[in-house]
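Descriptive structure summary
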Amino acid sequence: MMKLYPNKILATLGLMLALLAPGFGQAEEAPVAAPVPEAAAPATPDAAMPDAAMPDAGAAMPEAMPATPEAAPAEDAAPAEAAPAPAPTPNKGDTSWMLVATLLVVMMSIPGLALFYGGLVRSKNMLSILMQVFTIFALITVLWAVYGYSLAFTPGNAFFGGFDRLFLKGIFDPMTGSVANAATFSKGVVIPEFVFVAFQATFAAITVALTVGAFAERMKFSAVLVFAVLWFTFAYIPMAHMVWFWPGPDAFTDADAAAAAVAASGWLFQKGALDFAGGTVVHINAGIAGLVGAYVVGKRIGYGREAFTPHSLTMTMIGASMLWVGWFGFNAGSALEAGGTAALAFINTLNATAAAALTWTLAEWMLKGKPSMLGAASGAVAGLVAITPACGWVGVSGALAIGALAGIVCLWGVTGLKKLLGADDALDVFGIHAVGGILGALLTGVFNTWSMGGTGILDYVNNTVIDTSIGAQVWIQAQAVLTALIWSGVVAFIVFKLIDMTMGLRVPEEQEREGLDVANHGERAYNM
């Protein structure tokens, strides 16, 4: 009978395992990653943390540092220079999300905004408003590729960028087939620059298209297009550059580098203005331009004497619903990554919009005795507008408060304030977009602070998150609001006056009475 020697058997099995899987036997001796210093730990809950403060676990260890160094004889060991960190590459999840977000914003404009506006005008002007929104979207998309992106998102001065990206040159290398990358809000995280270009193109296009609602039903189609080109060039582009241009988080390596990076940024970015997705750049910008246009173009024939009833609230409700859905791309996409900040912006967009639709409906019910479909749809849009600058900077309670207030304040904006202003803002562009944008921009400064459940702001030098002061941040937000109102208002006035003096703004009276569908486009929306 064979005698068993357990110790020898265990030793033999261990030797076989070591030969079959060398790494197995060394696992316990692998070096352990150093812990993150406590000073760099986020001070807010993960759900309300910007992604930049939460780098992926893989980013903490350079690829050049293997988890288990190969054994080498002591006599052969020699000091080696540290290998340079590999260039960041886009994450497929981030890229996929940004492509989807871009498609959602396209849907916001065509057909979302077009249908929302189209249902609000009289039937004889339905096609004209659809054509204006559709053509402006196409026009601005082309101009964005030609010079808009370059002037908005490349280094220049505090108000305009440069010409490095004219015709999007330098992004695609045909010799290698490679595409340049654009920074996000996290160090070492990038997306393909073409994706960023397309995403921002949709913002530019919908902003210009928003303005036409204020002077709908009476302006020449040719004059609308000329206004779109000039206002886009001298109002939208500089506002986008002032608020959103910066060298990216990887430029903030130390205090001196951070100072240089801030100095190279847009004027309002330097001041610390917070605008997550376009309260100043999009809504206040478009709203004040629309109001100026309503003044300069003049009131519609019969305004104040005839009932200008929306011809299809069904179309308006469909358009508002598409806006709500598309706005998730607008707001959550502005995180530029598929992570916690995008999720925060998403839930805030959902909640604020619902709250605004309810408060507008309830307030209208109390004031007029009946709740209306137009009121509910308008309230939803007001909530979307107000949460836009705040969606990634505030917590859930802050978003609900912003939405609830937006429903009431914007209802006043399209009723009491509209009467005080005396302008024929046909589709309430100023009352909803400018008023809602102002409210949201200012309240971002209130609800961004930790005490109000907000996220605080990022300190890229120390890789941590810091709190804000309500008073100081509201003052910064107010400066951004005033800048948008003055800059856009002055540019719009000059542009409208130049067009009026050269080619005229309005269609003749007989064409306005007939309707712009037939007069400008030779078509009718409905043939029944």
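To be clear, the structure that these remarks concern was listed above.
**A look at the overall build of the chain**
- Across its full length, the chain holds 18 helices and 6 strands.
- Within the chain, contacts between residues separated by at least 24 positions form 78% of all contacts whose residues are at least 6 apart in sequence.

**A word on the pattern of salt bridges**
- Inspection of the entire model under this criterion finds 8 salt bridges.
- Among the salt bridges present, the one from Asp-424 reaches Arg-218, with a minimum N-O distance of 3.9 Å. Separated by 206 residues along the polypeptide, Asp-424 in the loop between helix H14 (416-421) and helix H15 (429-447) and Arg-218 in the loop between helix H5 (193-211) and helix H6 (221-244) bring together distant segments of the chain. Exposure class is identical for Asp-424 and Arg-218. Each is buried.
- What you see here is one network of salt bridges that share partners, running through Arg-122, Glu-217, Arg-218, Arg-300 and Asp-424.

**A word on the packing of aromatic side chains**
- Counting across every chain of the model gives 28 aromatic pairs.
- On the numbers, 6.1 Å between centres and 75° between planes, the contact of Trp-144 with Phe-153 is edge-to-face. Of the two residues examined, Trp-144 and Phe-153, each falls in the buried class.
- Taken together through their ring pairs, the aromatic side chains of Trp-144, Tyr-147, Tyr-149, Phe-153, Phe-196, Phe-232 and Tyr-236 make up a single cluster.

**Some details on a nonpolar patch on the surface**
- The grouping of Leu-482, Ile-486, Val-490, Phe-493, Ile-494, Leu-498 and Met-501 at the surface amounts to a nonpolar patch, some 700 Å² of accessible area in total.
- Residue position: Met-501 is located in helix H16 (residues 470-502).
- Overall, the relative accessible area of 64% leaves Met-501 in the exposed class.

**As for the environment of Gly-383**
- Tracing the backbone shows Gly-383 in helix H12 (residues 373-387).
- Residues Gly-383 and Leu-350, spaced 33 residues apart in sequence, show a C-alpha to C-alpha distance of 9.3 Å.
- In contact with Gly-383, other than residues within four places in its own chain, are Ala-352, Thr-353, Ala-356 and Ala-406.

**Looking at helix H13 (residues 396-413)**
- Between its terminal C-alpha atoms H13 stretches 25 Å, which fits the 26 Å expected from 18 residues at 1.5 Å a residue.
- Approximately 25° is the largest bend angle found in H13, and it occurs at Ala-406.
- Residues Gly-398, Ala-399, Ile-402, Gly-403, Ala-406, Gly-407, Cys-410, Leu-411 and Gly-413 constitute the buried set of H13.

**Considerations on helix H3 (residues 92-120)**
- Between its first and last C-alpha, H3 extends 41 Å over 29 residues, near the 42 Å set by a 1.5 Å rise per residue.
- Of all the bends found along H3, the most pronounced is centred on Gly-112 and spans about 40°.

**A few points about the packing of helix H11 (residues 340-368) against H12**
- Direction vectors running N to C along H11 and H12 enclose 140°, while the axes themselves pass 7 Å from each other. Judged by the inter-axis angle, H11 sits oblique to H12. Judged by the sense of rotation from one axis to the other, the crossing of H11 with H12 is right-handed. From H11, Asn-348, Thr-349, Ala-352, Thr-353, Ala-356, Ala-357, Trp-360, Thr-361 and Glu-364 reach across to H12, where they touch Gly-375, Ala-376, Ser-378, Gly-379, Ala-380, Ala-382, Gly-383, Leu-384 and Ile-387.
- Of the residues belonging to the contact of H11 with H12, the class tally is 9 nonpolar, 8 polar and 1 charged.

**Overview of unusual backbone geometry**
- Put simply, Ile-110 and Pro-111 share a cis peptide bond, and its omega is 15°.
- Looking at where Pro-111 falls in the secondary structure, it is placed in helix H3.
- For Phe-167, which is not glycine, the phi torsion reads 55° and is therefore positive.
- Its place among the elements puts Phe-167 in the loop between helix H4 (126-153) and strand E1 (172-173).
- Residue Phe-167 is classed as exposed on the basis of its relative accessible area, which comes to 64%.

**So, the side chain of Thr-349**
- For Thr-349, the location among the structural elements is in helix H11.
- The exposure class of Thr-349 is buried, given its relative accessible area of 0%.
- At 2.7 Å, the side chain of Thr-349 and the backbone oxygen of Ala-345 are in polar contact.

**Some words on the side chain of Thr-184**
- With respect to the helices, strands and loops of the structure, Thr-184 is situated in the loop between strand E3 (181-183) and strand E4 (190-192).
- Reaching out from Thr-184, the side chain makes a polar contact with the backbone nitrogen of Ser-186 at a distance of 3.3 Å.
- At a separation of 3.0 Å, a polar atom in the side chain of Thr-184 contacts the main-chain carbonyl oxygen of Val-189.

**Here we look at the packing of H3 against helix H10 (residues 313-332)**
- In contact at an axis separation of 7 Å, H3 and H10 are set at 155° when each is read in the N-to-C sense. Accordingly, the angle class assigned to the pair H3 and H10 is roughly antiparallel. Our pair here, H3 against H10, has a crossing hand that is left-handed.

Definitions and cut-offs
Residues numbered from 1 in each chain as written. Predicted model: local features only at pLDDT ≥ 70, side-chain atom pairs only at ≥ 80, totals over all residues. Heavy atoms only, no water. Helix = DSSP H or I, 4+ residues; strand = E, 2+ residues; numbered from the N terminus. Contact = heavy atoms within 4.5 Å. Salt bridge = Lys/Arg side-chain N within 4 Å of Asp/Glu carboxyl O. Buried < 20%, exposed > 50% of the residue type's maximum accessible area, 1.4 Å probe, protein only. Phe/Tyr/Trp six-rings, centres within 6.5 Å; stacked < 30°, edge-to-face > 60°. Patch = residues over 30% accessible without salt bridge, like charges linked within 9 Å, V, L, I, M, F, W, Y side chains within 5 Å. Areas by Shrake-Rupley, 256 points an atom, 1.4 Å probe, with all protein chains shown as cover. Expected span 1.5 Å × (residues − 1). Bend = angle between axes of the 7 residues up to and from the residue. Axes fitted to C-alpha atoms, helices over the stretch in contact; angles between N-to-C directions. Parallel < 35°, antiparallel > 145°, perpendicular 65-115°, else oblique. Left-handed = near helix turned anticlockwise from the far one by under 90°. Nonpolar A, V, L, I, M, F, W, Y, C, P; charged D, E, K, R; others polar. Polar contact = N/O pair within 3.5 Å; in protein donor to acceptor, adjacent residues only side chain to side chain.

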